[in-house]
Amino acid sequence: MLVSLAWSSLASRRKSVILTFLSLLISISVLLSVEHIRQQAKESFNRTISDVDMIVGAPSGQLNLLLYSVFRMGSPTSNINYKSYETLKSSSLVKWAIPISLGDSHRSFRVMGTNNSYFEHFKYGTKQPLTFNSGQPFNTLFEAVIGADVAKKLSYKIGDSVVIAHGIGNTSFTHHENTPFIIKGILSPTGTPVDKTIHVSLNAIEAIHLSPAKQAELLNNVDSVNTTPESITAVMLGLKSKFSTFKLQRDINNYKADRLMAVLPGVAMTELWQMMATVENLLRVIGILVLVSSLFGLSTMLLASMAQRKNEIAVLRVLGAGPSAIFSLVLVEALILVILASAAATTLLSLTIWLLGDWLGATYGLFLNANMLNVETLKVITVITVAAIITSAIPAYEAYKNALHSSLGAKS
Amino acid sequence: MPNTISSASTPLAIHINQLSYKYHKADKTSFYIPNWQVKQGEQVFLHGESGSGKTTLLNLLAGVLTSQSGDINLLEQAFSTLSSKKRDKFRAQNIGVVFQQFNLIPYLSVLKNIQLASYFAKTGNTKIEQEANALLLALKLPTTILQKAANTLSVGQQQRVAIARALINKPKLLLVDEPTSALDAASRDAFIALLIDLCKQHSITLVFVSHDMHLQQFFKLSVDVTSLLKEEFNKC
């Protein structure tokens, strides 16, 4: 009865109620989306790499190495010797090693040179291995395996040929026109940068950087030119025992024959998030301020309605409603608004993410889950509801006081 | 004096004893009633000039205002000394109130307005709709009115709905404060005749407050508020 009374009361003040509802809807949406994107971005970042114990590259910052080797962001500063990779691979502590070579692109998708150990050992998410949607790993020099996004965006199929450009960017002047690659395999979607990568063999990377004359020769006879790489960008390592991590890291950092740096993905990832924390907190603070302002709006709306509701309250009093019933009535009105606004905001965001999901993934590498119904969202909504109860206690108390002093036949 | 005439055998609906009430705490003079009794089933016309304290008395009887000293017994039960929560409950269950105007919650339907009275009285009445229909019929209102929003009715209709609502919990005491001031003479007379008739039928004690002496003709008992209050000067 109280709820239905509150509902009718709100309906009778439609205009101001709808405006308040919209302001709540917007602020709750802002807060929820900040929280959701924060959560999901972290998850999306953390799932890009799994089960890799160490990344070895040329000495720079650990963040730099992590960004270019895992996220395909930025460019490597310098390379490491191919021989170092072979040394690492044969180390007794190392279970497997994946060499990677970056620096080329194809229509703004990064090209990565590697070998078949990548498809075998690289894992993402919760130790999920890469799987082929169709086709198989590359076998010969001019074969490529593409990520799910590449296939989708450029509508490539198995058997299509692609031309790989030197450098990164769409309008590279030095197209390697002579060396077309045949697409041999397409990977299943992973929701990680792998989806946006074109994988070729290390030898292929070497081959596209040969002089035109040598390339012509190579096209005639694949074995005529030595395409064993001299240098690569980085190596991802899986260790036999986690306990040897620090020993190996120290050994690599002190390696005499080449200048190497080993980073632990987990540690680098944490550093990355600490950098993001400032931005994250800023967004949160803005979200909270917007919410607080609209909660005050709610409180103001209810408070302003008190004058016109004096008679209504007097009637309720006479019917036997105690001051506490009047207090709860106002509180219930506020709660109805906040709960409806929260539900609407959740739906709105889910819908938006569902509609924009592909675009966000393609443009920002942000893979968001459209399902907003999780513990975090519920936590945020609980906090919002509690805040709403606190702020609407002011008009509710006003109503309570009115109820105490109201007398029969209030005439204003 | 009415109190001397009343026989002990008839139960009292209202019994006021040494009641004093100050409008503001700092006031030297106070609203003071030494003694007033109304028997159950009586219909009393309470009149007085504007500002003579009619409405204050009604507020005290309804328990919306509380006295500083003295006590009010209603239906032979202590009323003014109850806790505010119990007083609210007692009012909801035993007292019907009709004001000059603004009796209904404007945005609710007539039925909802009537249901609300039953809700706060916690009577658990499941046949409200039928009973409301019967009351509306007795008050010569079309029953189609039940689903209409209260603010779409005419003032006369609203006042009659207010009576229906006041009677839904079968109160033993009905307090009305100038309910006819917004009505024209013809509908006023019809309204009062109906009201008195209904009260007699259900043996409800009625206290009808008005400054309009024309209405006195409808009542057997008539009391001037100033006559109740006059001893205030003797006392001070």
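Residues numbered from 1 in each chain as written. Chains lettered and ligands numbered in written order. Predicted model: local features only at pLDDT ≥ 70, side-chain atom pairs only at ≥ 80, totals over all residues. Heavy atoms only, no water.

1. Focus on the pairing of strand β4 (residues 109-114) of chain A
Residue and element names in this part refer to chain A.
Thinking step 1. Most of β4 sits inside the fold, with six of its six residues counted as buried.
Thinking step 2. Neither face of β4 is open: one carries Phe 109, Val 111 and Gly 113, the other Arg 110, Met 112 and Thr 114, and all of them are buried.
Thinking step 3. Across four bridges, the pairing between strand β3 (residues 94-106) and β4 is antiparallel. Counted as the bridge partner of Ser 101 is Gly 113 from β4.
Thinking step 4. Between β3 and β4, which pair antiparallel one after the other, the connecting turn spans two residues, and Arg 107 there sits at a positive phi close to 45°.
Thinking step 5. Sheet analysis places β4 next to strand β11 (residues 197-201), joined by five bridges and oriented parallel. By the bridge assignment for β11, Met 112 is matched with His 199. (Buried < 20%, exposed > 50% of the residue type's maximum accessible area, 1.4 Å probe, protein only. Helix = DSSP H or I, 4+ residues; strand = E, 2+ residues; numbered from the N terminus. Pairing = 2+ DSSP bridges.)

2. Focus on the environment of Val 267 of chain A
Residue and element names in this part refer to chain A.
Thinking step 1. Among the structural elements, Val 267 can be located in helix α10 (residues 265-308).
Thinking step 2. Val 267 gets classed as partly exposed once you look at its relative accessible area, which sits at 44%.
Thinking step 3. When the C-alpha positions of Val 267 and Asp 160 are compared, they lie 40 Å apart, and in sequence the two are 107 residues distant.

3. What to know about the sheet that holds strand β9 (residues 221-224) of chain B
Residue and element names in this part refer to chain B.
Thinking step 1. Judged by pairing direction, the sheet is parallel, and its five strands sit side by side in the order β6-β7-β8-β3-β9 without closing on themselves. Two strands lie at the open edges of the sheet, namely β6 (95-98) and β9, each paired on one side alone. Across this sheet, the average inter-strand angle for adjacent strands is 20°, counted without regard to direction.
Thinking step 2. Taken together, the four bridges between β6 and strand β7 (residues 173-177) define a ladder with parallel strand orientation. Counted as the bridge partner of Ile 95 is Leu 173 from β7.
Thinking step 3. Contacts from helix α2 (residues 54-62) reach β3 (43-47), β6, β7 and β8 (205-210), with the element oriented near 150° to β7. (Axes fitted to C-alpha atoms, helices over the stretch in contact; angles between N-to-C directions. Contact = heavy atoms within 4.5 Å.)

4. Quick look at the interface of chain B and chain A
Quite often, the size of an interface is put as the accessible area lost when its parts meet.
Thinking step 1. Listed per partner, the contact involves 24 residues of chain B and 26 residues of chain A.
Thinking step 2. In total, chain B and chain A occlude about 2,400 Å² of area from one another, counting both sides; carbon and sulfur atoms represent 69% of this.
Thinking step 3. By the criterion of area lost to chain A, the three top residues of chain B are Phe 99, Tyr 107 and Phe 120 of chain B, representing 28% of everything that side buries.
Thinking step 4. One can count one salt bridge joining chain B with chain A.
Thinking step 5. The salt bridge partner of Arg 317 of chain A is Asp 88 of chain B, with a shortest N-O separation of 3.1 Å. (Buried area = accessible area lost by both parts, 1.4 Å probe. Salt bridge = Lys/Arg side-chain N within 4 Å of Asp/Glu carboxyl O.)

5. With respect to the sheet that holds strand β2 (residues 31-39) of chain B
Residues and elements named next belong to chain B.
Thinking step 1. Spatial strand order, β2-β1-β4-β5: four strands in an open sheet with antiparallel pairing. Looking at strand neighbours, the two that pair on one side only are β2 and β5 (77-78), the edges of this open sheet.
Thinking step 2. Examined bridge by bridge, strand β4 (residues 69-74) and β5 share two bridges and lie antiparallel to one another. The residue bridging Asn 73 from the neighbouring strand is Ala 78, located in β5.

6. Concerning the domain arrangement of chain A
Thinking step 1. Entries for chain A in the domain assignment read domain 1 (2-46 + 276-411) and domain 2 (54-263).
Thinking step 2. Computed from C-alpha coordinates alone, the two centres of domain 1 of chain A and domain 2 of chain A are separated by 51 Å. (Domains from an automatic or database assignment.)

7. A word on the confidence of the model for chain B
All names here are of chain B.
Thinking step 1. Per-residue confidence for chain B averages 83 on the pLDDT scale, and 92% of its residues sit at or above 70.
Thinking step 2. Every residue in residues 1-6 scores below 50 in pLDDT, and together they form four contacts with partners more than four places removed in sequence or on other chains.
Thinking step 3. Contacts for the low-pLDDT stretch residues 231-236, under 50 throughout, to residues beyond four places or in other chains number eight contacts.
Thinking step 4. Prediction confidence for the complex, expressed as pTM and ipTM, is 0.71 and 0.80 respectively. (pLDDT = per-residue confidence, 0-100.)

8. Here's the deal with the packing of helix α4 (residues 110-121) of chain B against helix α5 (residues 128-138) of chain B
Residues and elements named next belong to chain B.
Thinking step 1. As a packed pair, α4 and α5 sit with axes 10 Å apart at the nearest point and diverge in direction by 115°. Here α4 runs over α5; the crossing is right-handed. Contacts between α4 and α5 involve Leu 111, Ile 114, Gln 115 and Ser 118 on the former and, on the latter, Ile 128, Glu 129 and Ala 132.
Thinking step 2. Looking at side-chain class alone, the contact of α4 with α5 contains four nonpolar, two polar and one charged residues. (Left-handed = near helix turned anticlockwise from the far one by under 90°. Nonpolar A, V, L, I, M, F, W, Y, C, P; charged D, E, K, R; others polar.)

9. Things to note about unusual backbone geometry
Residues and elements named next belong to chain A.
Thinking step 1. We note that Asp 51 has phi near 70°; this positive angle belongs to a residue other than glycine.
Thinking step 2. Here Asp 51 is to be found in the loop between α2 (14-46) and β1 (54-57).
Thinking step 3. Of the residues examined, Asp 51 reaches a relative accessible area of 24% and is grouped as partly exposed.
Thinking step 4. Even without a glycine there, the phi angle at Arg 107 is positive, about 45°.
Thinking step 5. For Arg 107, the position within the fold is in the loop between β3 and β4.

10. A look at the packing of aromatic side chains
The geometry of an aromatic ring pair is captured by the separation of the ring centres together with the interplanar angle, meaning the angle of the planes.
Thinking step 1. Summed over the entire model, instances satisfying the criterion amount to 13 aromatic pairs over all chains.
Thinking step 2. Judged by centre distance (5.0 Å) and plane angle (65°), the ring pair of Tyr 119 of chain B and Phe 120 of chain B falls under edge-to-face.
Thinking step 3. Residue Tyr 119 of chain B is classed as partly exposed on the basis of its relative accessible area, which comes to 35%.
Thinking step 4. Taken together, the ring pairs in this structure connect Tyr 118, Phe 119, Phe 122, Phe 132 and Phe 138 of chain A into an aromatic cluster. (Phe/Tyr/Trp six-rings, centres within 6.5 Å; stacked < 30°, edge-to-face > 60°.)

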